[in-house]
Amino acid sequence: MIIVSMHGAQLALQAPFHPQLGIEAHKLRGRFLGKQTGWVFDAAREHEVRAICGSLWGVDGTPEAAADTVTLTIEANEGWHPQMRWIGGADLWLCGRQVAVTMMPRRITRPGRGVKFLKGLPRARFGTLDAVETYLENGTVFTMKDVPRMAVPRFEAAVQTHGTLDVR
């Protein structure tokens, strides 16, 4: 759940982990104050903070967007897109959601939060420089629960020519 809220002269962003969030937040002089509070920014940065939410998760940070959710069924096909990495590092991400992760040192893969594999499973292999990569084989089908309806166009654009997407 991604929520942006005003607290006096400060703006708070409560959001799940995203590998790019810390980098983007620091550009706006944001401070992380722990899980309970999340990231805190100067209130004048509201437009920029909401833009970060849009670029990372496809939402605007309003409670209404967080409350209106759907379940996506996605089939991974051949190809690659900058916003959609079927092959990633140890973590595999799609539009700000962790699809799968490889637990080291035994190279055990597991689904991300709210993800269920219906056909096929995430796999791990050694990539360049012996780094572990998590990947999905062609035809792998999985669901993602609790995706904000507002983010569906971002998922559709990411999956466009490299998979199929069904909204429920």
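One structure accompanies this document, and this report is about it. (Residues numbered from 1 in each chain as written. Predicted model: local features only at pLDDT ≥ 70, side-chain atom pairs only at ≥ 80, totals over all residues. Heavy atoms only, no water.)

1. Here we look at the overall build of the protein
To keep things clear, this is the line we draw: Only runs of H or I of at least four residues qualify as helices and only runs of E of at least two qualify as strands under DSSP, and these elements are numbered from the N terminus. Both definitions apply: the radius of gyration is a C-alpha atom measure, and the globule rule equals 2.2 Å times residues to the power 0.38. For the exposure calls, accessible area comes from a 1.4 Å probe over protein chains only, and a residue counts as buried if that area is under 20% of its type's maximum, exposed if over 50%, partly exposed in between. Throughout, a contact is declared for two residues whenever any of their heavy atoms are within 4.5 Å. Surface accessibility in these figures is a Shrake-Rupley result with a 1.4 Å probe; residues are shielded only by whichever protein chains are displayed.
Helices and strands together make up the secondary structure of the protein, namely four helices and 13 strands. Radius of gyration (C-alpha) of the protein: 17 Å, near the 15 Å computed for a compact globule of 168 residues. Taken along its principal axes, the extent of the C-alpha atoms in the protein is 50 × 35 × 25 Å. Within the protein, the fraction of its 168 residues that count as buried is 43%. Within the protein, contacts between residues separated by at least 24 positions form 61% of all contacts whose residues are at least 6 apart in sequence. Summed over its atoms, the accessible surface of the protein is roughly 9,400 Å², and 54% of this surface lies on carbon and sulfur atoms.

2. Here's the deal with helix α4 (residues 152–159)
Stated formally: It is the directions from the helix axis to the C-beta atoms that the arc portrays.
Residues of α4 that are buried include every one of Val 152, Arg 154, Phe 155, Ala 158 and Val 159, and no others. What you see down the axis of α4 is that its buried residues fit within an arc of 160°, all on one side. Structurally, α4 contributes buried residues whose contacts are with α2 (46–57), β5 (69–76), β6 (91–94), β7 (97–103), β12 (141–148) and β13 (163–167).

3. Description of unusual backbone geometry
Positive phi, normally seen in glycine, also occurs at Cys 95, with a value near 50°. Along the chain, the position of Cys 95 falls in the loop between β6 and β7. One non-glycine residue, Asp 146, lies in positive phi territory at about 60°. Relative to the assigned elements, Asp 146 resides in strand β12.

4. With respect to the sheet that holds strand β9 (residues 115–119)
We apply this condition: A pair of strands is labelled paired if DSSP reports no fewer than 2 bridges between them. To obtain an axis, a line is fitted to C-alpha atoms, over the contacting stretch when the element is a helix, and the angle between two such axes runs from 0 to 180 degrees between their N-to-C directions.
Pairing within the open sheet is antiparallel, and its four strands lie in the order β9-β12-β5-β13. One side of each edge strand has no neighbouring strand; the edge strands of this open sheet are β9 and β13. Sheet twist, expressed as the average angle between the axes of neighbouring strands with direction ignored, equals 25°. Where β5 and β13 come together, five bridges link them in antiparallel fashion. Considered in β13, the bridge of Ala 76 is made with Gly 163. Against the sheet, α4 touches β5, β12 and β13, its axis set at about 160° to β13.

5. A word on the sheet that holds strand β4 (residues 39–42)
Strand-to-strand pairing in sheets goes through backbone hydrogen bonds, with the strands running parallel or antiparallel. On the basis of which strands lie adjacent, the open sheet formed by four strands has the order β1-β2-β4-β3 and antiparallel pairing. Strands at the two margins of the open sheet, each flanked by one partner only, are β1 (3–7) and β3 (31–32). Sheet topology places β1 next to strand β2 (residues 10–14); five bridges connect them, and they run antiparallel. By the bridge assignment, His 7 is partnered in β2 with Gln 10.

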